[in-house]
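# Topology and contacts: notes
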Amino acid sequence: MKEPDFRTPRLGTESPELRERLHHIWETEPGLKGVFGTTDHKTIGIRYIVTAFIFLVLGGLEALAIRLQLAGPNLSLMTPEQYDQFFSTHGMTMIFLYALPILSGFSNYLWPLLLGGRDMAFPRLNAFSYWIYLAAGIFMYAGFVLGNGPNDGWFNYVPYAERNYNPGFNQDFYSLGMVLLGISTTVGAANFIVTAMRTRAPGMSINRLPIMIWGTLTANAANLLVVPAVSLAFFLLWMDRQFGTHFYDPVGGGQPLLWQHLFWIFGHPWVYAVVLPAMGMVSTGLPVFCRRPIVGYSVVILATIATMVLGFGVWVHHMFATGLPGLSLSFFSGASLVITVPSAVAVFAWLATITLGRPVVTTAFLYFSSMILLFVIGGVSGFMTASVPVDWQLTDTYFVVAHLHYVLIGINVFPVLGACYYWFPKMTGRLLDERLGRWNFWITFIGFNLAFLPMHLTGLFGMPRRVYTYPDGMGWNSLNMITTIGSFVLAVGLLLFFVNVARSLKSGAIAGPNPWDAPTLEWSVPSPPPPYNFAVLPTVASANPLWEERLGEQRTRSSIDRGMLLDVGKESIATTAMDGVPDMILEMPEDSVAPAVTALGITVAFVGMLLKSVWLPAWGVVWGGSLLTLIGLLMWLWPRRDLREREPAERGPADRRRLSGEAVA
Amino acid sequence: MTSTPLGYLTADGARAAHIVPLTWYMLIVSILVCVVIGVMLWHGVRRARANGGDAETRAMPVARGSKGSHWISIGVLVSMVPLLIALVWTMVTLAAVAGPPSHPDLVLDVTAHQWWWEVKYNTDDPSQSFTTANEIHIPVGAPVLVRLHGGDVIHSFWVPKLAGKTDAIPGQINLSWIQASHTGRYRGQCQEFCGYQHAFMAFEVVAETKEDFEAWRAAQLRPAPDPITPAQTRGQAIVEYRCGLCHQVRGTHAAAVAAPDLTHLMTRRTIASGRLVNNPRNLIGWIQDPQGLKPGCLMPNQYLSAQQLADVQAYLVLLR
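Position numbers for residues count from 1 along each chain, tracking the sequence in the order it is written. In the order they appear in the text, chains get letters beginning with A and ligands get numbers beginning with 1. This being a predicted model, a pLDDT of at least 70 is required before a residue's local features are given, and a value of 80 or more before pairs of side-chain atoms are given or counted; all residues contribute to the totals for chains, interfaces and linings.

## Side note on the overall build of chain A
- Only runs of H or I of at least four residues qualify as helices and only runs of E of at least two qualify as strands under DSSP, and these elements are numbered from the N terminus. Across its full length, chain A carries 22 helices and six strands.
- Here the radius of gyration uses the C-alpha set of atoms, whereas the globule reference equals 2.2 Å times the residue count to the power 0.38. Over its C-alpha atoms chain A spans a radius of gyration of 25 Å, differing by no more than 12% from the 26 Å that the globule rule assigns to 665 residues.
- Among the 665 residues that make up chain A, the fraction classed as buried is 60%.
- Residues are scored as being in contact if the C-beta atoms we place from backbone atoms lie within 7 Å. Partitioning the intrachain contacts of chain A with sequence separation of at least 6 by distance along the chain shows that 81% fall at a separation of at least 24. For the exposure call, what matters is how many other C-beta atoms sit within 10 Å of a residue's own: 20 or more marks it buried, 12 or fewer exposed, and in between partly exposed, using C-beta atoms placed from the backbone.

## Some thoughts on the environment of A:Ile211
Residue and element names in this part refer to chain A.
- Note on placement: Ile211 falls in helix α7 (residues 211-243).
- For Ile211, a count of 26 C-beta atoms within 10 Å puts it in the buried group.
- Taking C-alpha positions, Ile211 is 45 Å from Glu81, a pair spaced 130 residues apart along the chain.
- Residues within four places of Ile211 in sequence aside, it is in contact with Gly280, Ser283, Thr284, Ile294, Val300 and Ile301.

## A closer look at the sheet that holds strand β3 (residues 537-539) of chain A
Residue and element names in this part refer to chain A.
- Reading across the sheet, the three strands line up as β1-β4-β3 and stay open at both edges, with antiparallel pairing between neighbours. Edge positions in the open sheet fall to β1 (11-13) and β3, since each of these has one partner strand only. For this sheet, the mean angle separating the axes of adjacent strands, direction not counted, is 50°.
- Here β3 runs beside strand β4 (residues 559-564); their pairing, made up of two bridges, is antiparallel. If you follow Thr539 over to β4, its bridge partner there is Ser559. Only when DSSP finds a minimum of two bridges between them are two strands counted as paired. The axes used here are C-alpha line fits, helices contributing only the stretch in contact, and every angle between their N-to-C directions lies in the interval 0 to 180 degrees.

## A short note on the packing of α7(A) against helix α9 (residues 276-290) of chain A
All names here are of chain A.
- Viewed as axis vectors pointing N to C, α7 and α9 meet at an angle of 175°, and their least axial separation amounts to 7 Å. Put simply, α7 runs roughly antiparallel to α9. Mapping the contact onto sequence places Ile211, Met212, Trp214, Gly215, Thr216, Thr218 and Ala219 in α7 and Leu276, Pro277, Met279, Gly280, Met281, Ser283 and Thr284 in α9.
- Note on residue categories: nonpolar means Ala, Val, Leu, Ile, Met, Phe, Trp, Tyr, Cys or Pro, charged means Asp, Glu, Lys or Arg, and polar means any other residue, Gly included. Classifying every residue of the contact of α7 with α9 gives eight nonpolar, six polar and no charged. Working rule for angles: under 35 degrees goes down as roughly parallel, over 145 as roughly antiparallel, 65 to 115 as roughly perpendicular, anything else as oblique.

## Section: the domain arrangement of chain B
Residue and element names in this part refer to chain B.
- For the purposes of this description, domain bounds are those given by an automatic or database domain assignment. Along its sequence, chain B is carved into domain 1 (1-221) and domain 2 (230-316).
- A separation of 34 Å is found between the C-alpha centroids of domain 1 and domain 2.
- The partner domain 2 presents 15 residues to the 17 residues of domain 1 that form the contact.
- Every element with two or more residues in the side of domain 1 that touches domain 2 is listed here: β4 (130-133), β11 (202-208) and α4 (210-221).
- Partitioning the side of domain 1 that touches domain 2 into residue classes produces nine nonpolar, six polar and two charged.

## Notes on the interface of chain A and chain B
- The interface of chain A with chain B comprises 84 residues on the first partner and 81 residues on the second.
- Partitioning the side of chain A that touches chain B into residue classes produces 51 nonpolar, 22 polar and eleven charged.
- Relative to strand β1 (residues 50-51) of chain B, strand β2 (residues 360-361) of chain A is paired through two bridges, and the arrangement is parallel. Counted as the bridge partner of A:Val361 is B:Asn51 from β1(B).

## Overview of unusual backbone geometry
Residue and element names in this part refer to chain A.
- Cis geometry marks the peptide bond from Val158 to Pro159, where omega comes out at 0°.
- At the junction of Ser527 and Pro528, the peptide bond is cis and its omega measures out at -10° in the coordinates.
- The residue Pro528 is located in the loop between α17 (477-507) and β3 in this model.
- For Asp517, which is not glycine, the phi dihedral falls at a positive 50°.
- Among the structural elements, Asp517 can be located in the loop between α17 and β3.

## A look at the sheet that holds strand β5 (residues 135-139) of chain B
All names here are of chain B.
- Taken together, three strands build an open sheet; the order of strands is β5-β11-β10 and the sheet is mixed. Because the sheet does not close on itself, it has two edges, and the strands there are β5 and β10 (184-189). This sheet shows a mean twist of 25° between the axes of neighbouring strands, independent of strand direction.
- Across five bridges, β5 lies against β11 in parallel orientation.

## Re the pairing of strand β5 (residues 571-575) of chain A
Residue and element names in this part refer to chain A.
- Here β5 lies mainly inside the structure; four of its five residues are buried.
- Summarising the sheet, β5 and strand β6 (residues 582-587) pair through five bridges and their orientation is antiparallel. Bridged to Glu571 within β6 is Glu587.

## Considering the pairing of strand β7 (residues 155-159) of chain B
All names here are of chain B.
- Among the five residues in β7, five count as buried, and that is most of the element.
- Neither face of β7 is exposed, since His155, Phe157 and Val159 on one face and Ser156 and Trp158 on the opposite face are all buried.
- Bridge count between β7 and strand β8 (residues 163-168): four bridges; the pairing is antiparallel. When the sheet's bridge partners are listed, Ser156 is paired in β8 with Asp167.

## Quick look at helix α1 (residues 14-46) of chain B
- An expected span of 1.5 Å times one less than the residue number is assigned to each helix. Between its first and last C-alpha, α1(B) extends 48 Å over 33 residues, near the 48 Å set by a 1.5 Å rise per residue.
- Regarding α1(B), the residues found buried are B:Arg15, B:Ala16, B:Ile19, B:Leu22, B:Thr23, B:Met26, B:Ser30, B:Val33, B:Ile37, B:Met40, B:Leu41 and B:Gly44.

## Observations regarding the environment of B:Gly13
Residues and elements named next belong to chain B.
- Tracing the chain through its elements places Gly13 in the segment before α1.
- Between the C-alpha atom of Gly13 and that of His182, which follows or precedes it by 169 residues, the distance is 7.7 Å.
- Not counting residues within four places of it along the chain, the set of residues in contact with Gly13 comprises Lys161, Leu162, Ala163, Ile178, Gln179, Ala180 and Ser181.

Below, the structure written as structure tokens:
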């Protein structure tokens with residue numbers, strides 16, 4: 001029989017004693033155990049961000065080597081084999097190891113702060129997700145360093161990726177690495193969704209969520225659905241290569257197009273998954289510098305969701321030339337054109353926010369606002385490729401390369417750099433230097449456009465993508481030279497960003513809790529935030545809790561200084577998915593090395609699977625890794641009485657009211 | 001735009017010509033959209049009341065401001081107009097260019113290999129059928145159906161002045177069609193990444209008058225001419241026992257089909273899939289060092305002696 005186990009959280013205001021008590025409960029142990037055991041979302045978030053930036057630098061260096069090779073016709077800096085590995089690794093790095101992880105990093109760091117909670121819903125899963133990401137990144141780069149990097153482009157078409165055309169280890173590293181990375185993305189996505197649905201501050205009903213949350217939430221809902229497709233695709237490829245199955249082999253009745261469908265069913269929603277959270281960053285940061293709430297809050301959110309839903313129905317636009325029937329081509333062509341509508345909503349909302357606001361030009365503002373233009377350029381070139389007959393000419397030329405760089409750099413890197421300028425003070429307590437920031441922005445902006453705007457023309461003049469060199473006399477020489485120069489200018493711009501970070505970490509101006517006078521909850525706590533984030537859990541009455549007084553939008557006010565204390569253990573509050581009514585005290589797990597051990601076990605098993613094709617005893621490594629995984633899981637899941645979730649007791653309406661926002665205010 | 005052989009903003013064939021106006025429409029709309037948004041953005045940012053950092057930001061008071069949702073509704077409504085035009089135009093163009101002609105004047109079977117193009121002129125009469133490589137001759141003005149076969153990995157058949165891309169995928173036969181409006185040579189190129197020599201997997205389409213085409217076809221149907229001089233005879237022997245492992249020279253013992261057919265090699269303008277102009281000097285340079293010219297290609301270096309090379313050259317230049 002279930003015993004009723006219901007405790008009403010104490011309400012109160014903050015005090016030094018309370019902070020000390022919470023600090024003691026929440027802080028990560030120093031030393032190795034803390035390094036491998038921490039579940040603090042802020043530490044994990046910063047690890048994600050730093051790791052992703054390291055991969056950005058690696059991918060950028062590869063890009064510079066590629067651009068040197070293409071600076072003029074018939075150059076031979078690299079052999080075709082080296083070139084193939086460089087461009088494939090560049091794509092893999094930027095798309096899989098930088099673009100999503102950097103956003104996961106920001107979301108990891110910011111979500112509980114934006115939501116008014118003390119950690120993510122599943123802190124250990126969060127740590128696990130990071131360790132797997134790191135392991136997958138190292139795993140795939142190990143191949144590249146050993147001369148066995150991916151060599152068939154990031155989308156890796158079969159049959160070229162099959163063993164008879166690609167006998168080396170290249171594709172084994174890539175396919176196993178991608179399956180491994182898929183684990184990280186999937187558990188991360190589940191964690192984000194539950195966090196957004198269940199761990200918001202009391203009173204933060206679904207219509208009061210910061211837009212940043214919507215972008216990442218939508219993206220992760222999509223990831224949860226589509227990552228299995230790509231994991232399956234790579235797993236089947238590995239089976240084809242290692243066990244002679246025939247999933248993609250036409251001679252054995254397989255279908256090369258199966259790969260393309262599985263890959264793009266994942267690949268296109270993924271493109272939105274790496275831009276929607278970044279668009280969320282812009283929608284959250286830009287209004288702060290326009291000194292007003294965003295125009296069309298609800299419409300922008302609906303547009304975000306609409307983009308994602310439509311994003312599931314456009315994958316075939318990567319396959320217009322594969323000989324599919326005209327009827328299906330028209331459907332996907334139509335869907336790909338229509339998807340520009342929700343994007344237009346976001347663009348006009350941002351433009352209206354700037355025009356109807358009182359803009360203050362800061363480096364973050366420059367990044368956010370210039371992103372609008374880059375977004376439009378990347379969007380209209382996408383609009384051109386959406387038209388089937390036009391795409392038959394455009395596809396696989398440099399026009400597409402220009403398009404995807406406007407999308408990925410314009411809509412991911414630019415907002416991310418803006419977000420760095422915006423949130424760096426929160427993360428470190430120090431502001432990034434604005435003067436150096438201006439140099440950083442303008443050189444990056446000019447370099448980027450110099451490199452990629454002329455590239456549209458290179459594409460219209462017919463230069464195929466993925467060529468290690470090109471003949472003279474095709475009209476591409478000077479355009480390629482301009483792009484190479486631009487790419488180096490862009491690199492200098494990005495270098496200035498890292499210089500700025502390094503300098504400001506030591507000597508930046510002290511930020512204070514809310515340097516930008518911004519409206520969301522993360523700015524109500526000290527910079528950097530303490531391990532427990534909020535001393536008292538805030539109660540929220542609007543989408544802009546720190547601006548309520550000045551906006552005067554409704555009678556009720558958010559309560560920042562007074563709220564639930566939850567200071568008797570490592571606890572946070574769970575609220576209902578729609579209305580944000582508190583309904584459960586969350587017992588948060590202690591730090592643990594179990595996630596790191598589990599991740600290590602899985603990685604060892606994958607290394608064994610990689611080696612088994614040349615060294616049969618490697619099966620033993622697979623078993624060893626599996627055993628380690630099992631030990632890690634047992635450590636992780638061993639039942640403990642203090643972690644049990646309390647069953648909510650039967651409560652009357654009076655209880656509900658008492659716990660909801662209005663009673664506190 | 002003669003300086004851009006692969007450019008597709010101009011066209012020389014019916015199928016590509018249909019697409020050009022739509023491409024220009026979308027390009028101009030796109031540029032206009034960028035300019036309009038850019039001007040609006042510039043206008044908005046120019047109104048900025050302060051320029052600085054955190055202090056300037058905090059100093060600027062926060063206000064609710066006007067609602068502004070009409071920006072979104074008007075903006076979206078205006079954008080819908082060119083969008084709907086593009087949608088309808090796309091469907092109309094697609095209908096015009098997608099279908100292969102029901103009564104083509106000529107049917108070709110093109111097989112894409114790493115890294116060359118095999119072209120078969122098949123007819124019901126085997127004595128009227130022949131195979132060539134990397135150079136496709138078609139009569140001007142005639143619709144030509146191209147059946148695309150994948151020889152190994154996926155490639156893509158593209159002659160931008162005549163038609164957009166169609167992939168050649170192993171295990172299925174894709175259809176494309178081309179029609180040239182003028183006589184001339186049009187460059188084609190593999191457009192799907194297919195390995196080391198993807199960059200140099202080119203070919204040419206030669207559109208010629210009906211008479212020229214028939215003359216060319218008749219010449220292609222003939223077997224290779226016999227050697228005359230002793231050097232040519234020695235050269236033929238070398239070609240048969242070395243080149244013949246992969247190549248075919250019809251009428252000799254060289255009868256393999258793993259590489260381009262050499263029966264009328266010297267009628268082609270280029271060798272090595274468009275990498276080199278076909279002349280006797282380039283030819284022996286290519287035979288001796290294919291791995292230097294196209295690293296990773298499937299033709300091995302030959303290491304022939306000077307005498308052997310001279311003999312091979314003497315024989316090959318005969319193959320007209």
